[in-house]
Amino acid sequence: MASEKPLAAVTCTAPVNIAVIKYWGKRDEELVLPINSSLSVTLHQDQLKTTTTAVISKDFTEDRIWLNGREEDVGQPRLQACLREIRRLAQKRRNAWDGDPLPSSLSCKVHVASVNNFPTAAGLASSAAGYACLAYTLARVYGVESDLSEVARQGSGSACRSLYGGFVEWQMGEQTDGKDSIARQVAPESHWPELRVLILVVSAEKKLTGSTAGMRASVETSPLLRFRAESVVPARMAEMARCIQERDFPGFAQLTMKDSNQFHATCLDTFPPISYLNAVSWRIIHLVHRFNAHHGDTKVAYTFDAGPNAVIFTLDDTVAEFVAAVRHSFPPGSNGDAFLKGLQVRPSPLSAELQAALAMEPTTPGGVKYIIATQVGPGPQILDNPCAHLLGPDGLPKPAA
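Note that this is a predicted model, so its numbers are computed, not measured.

Asks: Where do I start with the overall build of the chain in this structure?
Replies: Across its full length, the chain holds nine helices and 17 strands. For the chain, whose C-alpha radius of gyration is 22 Å, the value lies close to the compact-globule estimate of 21 Å for 401 residues. Structurally, the chain occupies a C-alpha span of about 75 × 50 × 40 Å along its principal axes. Excluding contacts between residues fewer than 6 apart, the proportion of contacts in the chain whose partners are at least 24 apart in sequence is 77%. If you sum the accessible surface of the chain, you get close to 17,300 Å²; carbon and sulfur atoms cover 53% of it. Taking the 39 positively charged and 41 negatively charged side chains of the chain as two groups, their mean positions are separated by 2 Å.

This is the structure:
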């Protein structure tokens, strides 16, 4: 056997998910167990995805990882936790194996390369897609077939929700070992075909307070967060699941906005306070409420994660008009033609009535940098084409084409 032939090479993609009932706060930092359940929508990988290649070979002398072309420290605790967990599951499966032993992959080192087709750490849930993709790809390369919630969670809590398409709940679980803290699909991606998602990218900068540090501070200092987890979220989880099952958009939209607002209220209730929203984020909030008031109906909803970017939910028949309202209130900068990415949206004029109802003077151009139009999508995918591998036969990143 030629020495440079790897034992196994697998490439997979995984989606971004956006929580509509937010996860904020851990009850166990080590195992990444949340203080409340959460529910999310998986976004389509045609617009947003992480692609990961994992290669194992007898020739590798150490584990190595490259993110977006740059080699990173493989000793990062979260990365190590994922690797350890996958190898433990592979060993367990091997011990239970009858007949031929599994390949000697367990003693081999792994090389991993991962790329995002969107800005990392800009509040676009890049860590969720990244760790879901890592867990899914490592599981394939090591022949692990068990539930991967635990592996993905070790990397980033919300990553377990990116293991499924459609609408996904992460059950907080009650056991101290976290075995019942798992993700499960509430409805498949085909369930609500009219639902559309617009990501308004306000800032692609790295945030001041990362999610991990922010959560820890909130758990330690915010009485509102405790109240939210114990007294508000359980009923909201049930209500959100009902709205999704019944495709009740106004109910879904109002609850999504209220939960986003409460999450950010717990951030302000943290001491010292944390603020993830900026002036543009607040203008988007006002725009949505005025748009809905003009129509006398809840046609659009916003939600914000730990960052200033807005994620907008609406139905396909409202997308064009809302994009026109955003263009009016936040004129594009010099990238006019590249302002709208992703799914095609036909240009729509803004009626004088709506323009008057918005009562918003346009901001200086570039407040909203661009919009990504997308929809609900499937869970992780395996790419069968060897050309898709990010690592060459030598286990090193392929030169950029």
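Continuing now.
Asks: I would appreciate a short explanation of helix α6 (residues 249–269) in the present structure.
Replies: Turn by turn, an α-helix covers 3.6 residues, leaving residues three or four places apart pointing in a common direction. A rise of 1.5 Å per residue sets the reference length of α6, with its 21 residues, at 30 Å; its end C-alpha atoms lie 30 Å apart and thus fit the reference within 8%. Of the residues flanking the start of α6, the one acting as N-cap is D248, its side-chain oxygen 2.9 Å from the backbone nitrogen of G251.

Asks: Would you explain the sheet that holds strand β5 (residues 38–42) in this entry?
Replies: Sheets are built from strands that pair by backbone hydrogen bonding, the pairs being arranged parallel or antiparallel. Overall, antiparallel pairing links the four strands, which are arranged β2-β5-β10-β11 in an open sheet. In this open sheet, the two edge strands, each paired with only one partner strand, are β2 (17–21) and β11 (183–187). Neighbour to neighbour, the strand axes of the sheet diverge by 35° on average, direction disregarded. The pairing of β2 with β5 spans four bridges and is antiparallel. Following the sheet pairing, I21 is matched in β5 by L39. Contacting β2, β5, β10 (167–170) and β11, helix α5 (residues 223–245) crosses the sheet at an angle of about 115° to β2. Each of β2 and β5 touches α6; the most contacted strand, β2, lies at about 90° to it.

Asks: I keep staring at the environment of A187 and nothing clicks. Help me out?
Replies: Mapped onto the elements of the fold, A187 is located in strand β11. Among the residues examined, A187 registers a relative accessible area of 3% and is labelled buried. On a C-alpha basis, the gap between A187 and K369 in space is 32 Å, while along the polypeptide they are 182 residues apart. In contact with A187, other than residues within four places in its own chain, are G165, G166, F167 and I244.

Asks: Can you help me understand the pairing of strand β7 (residues 64–67) in this one?
Replies: Two faces belong to every sheet, and in a regular strand the side chains alternate between them. Two strands pair when backbone bridges link them, and β7 and strand β9 (residues 109–116) are joined in this way by four bridges, in the parallel orientation. Within β9, the position partnered with L67 by the bridge is S114. The pairing of β7 with strand β8 (residues 70–72) spans three bridges and is antiparallel. The residue bridging W66 from the neighbouring strand is E71, located in β8. Adjacent in sequence and paired antiparallel, β7 and β8 are bridged by two residues, among which N68 carries a positive phi angle near 50°.

Asks: Would you mind going over the sheet that holds β9 with me for this structure?
Replies: Judged by pairing direction, the sheet is mixed, and its six strands sit side by side in the order β8-β7-β9-β6-β1-β17 without closing on themselves. Because the sheet does not close on itself, it has two edges, and the strands there are β8 and β17 (381–382).

Asks: Mind showing me how you'd approach the packing of aromatic side chains here?
Replies: Centre distance and the angle of the planes are the two values used to describe a pair of aromatic rings. Enumeration over the complete set of coordinates arrives at ten aromatic pairs. Seen in terms of ring centroids, W192 and F252 are 5.4 Å apart; in terms of plane orientation they differ by 70°. Their pairing is edge-to-face. Here F252 lies in helix α6 and W192 lies in the loop between β11 and β12 (195–201), a separation of 60 residues in the sequence. As far as the burial class goes, W192 and F252 line up, both buried. Here F252 and F313 contribute two aromatic rings whose centre-to-centre distance is 5.4 Å and whose plane-to-plane angle is 85°, an arrangement assigned as edge-to-face. Here F313 lies in strand β14 (residues 310–315) and F252 lies in helix α6, a separation of 61 residues in the sequence. Here F252 matches F313 in class, with each residue buried. Site record: aromatic cluster; members linked through ring pairs are F167, W192, F249, F252 and F313.

Asks: Can you help me understand the domain arrangement of the chain in this one?
Replies: The figure often quoted for interface size is the accessible area lost as the parts come together. Domains assigned within the chain are domain 1 (9–188 + 379–388) and domain 2 (195–375). Between domain 1 and domain 2, the residue contacts involve 31 residues of the former and 48 residues of the latter. Roughly 3,300 Å² of surface becomes buried between domain 1 and domain 2 when both sides are summed, with 70% attributable to carbon and sulfur atoms. For domain 1, the biggest contributors to the area lost against domain 2 are I21, K22 and W24; these three give 26% of the whole. The interface formed by domain 1 and domain 2 includes two salt bridges.

What counts, and at which threshold
Residues numbered from 1 in each chain as written. Predicted model: local features only at pLDDT ≥ 70, side-chain atom pairs only at ≥ 80, totals over all residues. Heavy atoms only, no water. Helix = DSSP H or I, 4+ residues; strand = E, 2+ residues; numbered from the N terminus. Rg over C-alpha atoms; globule rule 2.2 N^0.38 Å. Contact = heavy atoms within 4.5 Å. Areas by Shrake-Rupley, 256 points an atom, 1.4 Å probe, with all protein chains shown as cover. Lys, Arg positive; Asp, Glu negative; His and termini not counted. Charge placed at Lys NZ, Arg CZ, Asp CG, Glu CD. Expected span 1.5 Å × (residues − 1). Polar contact = N/O pair within 3.5 Å; in protein donor to acceptor, adjacent residues only side chain to side chain. Pairing = 2+ DSSP bridges. Axes fitted to C-alpha atoms, helices over the stretch in contact; angles between N-to-C directions. Buried < 20%, exposed > 50% of the residue type's maximum accessible area, 1.4 Å probe, protein only. Phe/Tyr/Trp six-rings, centres within 6.5 Å; stacked < 30°, edge-to-face > 60°. Domains from an automatic or database assignment. Buried area = accessible area lost by both parts, 1.4 Å probe. Salt bridge = Lys/Arg side-chain N within 4 Å of Asp/Glu carboxyl O.

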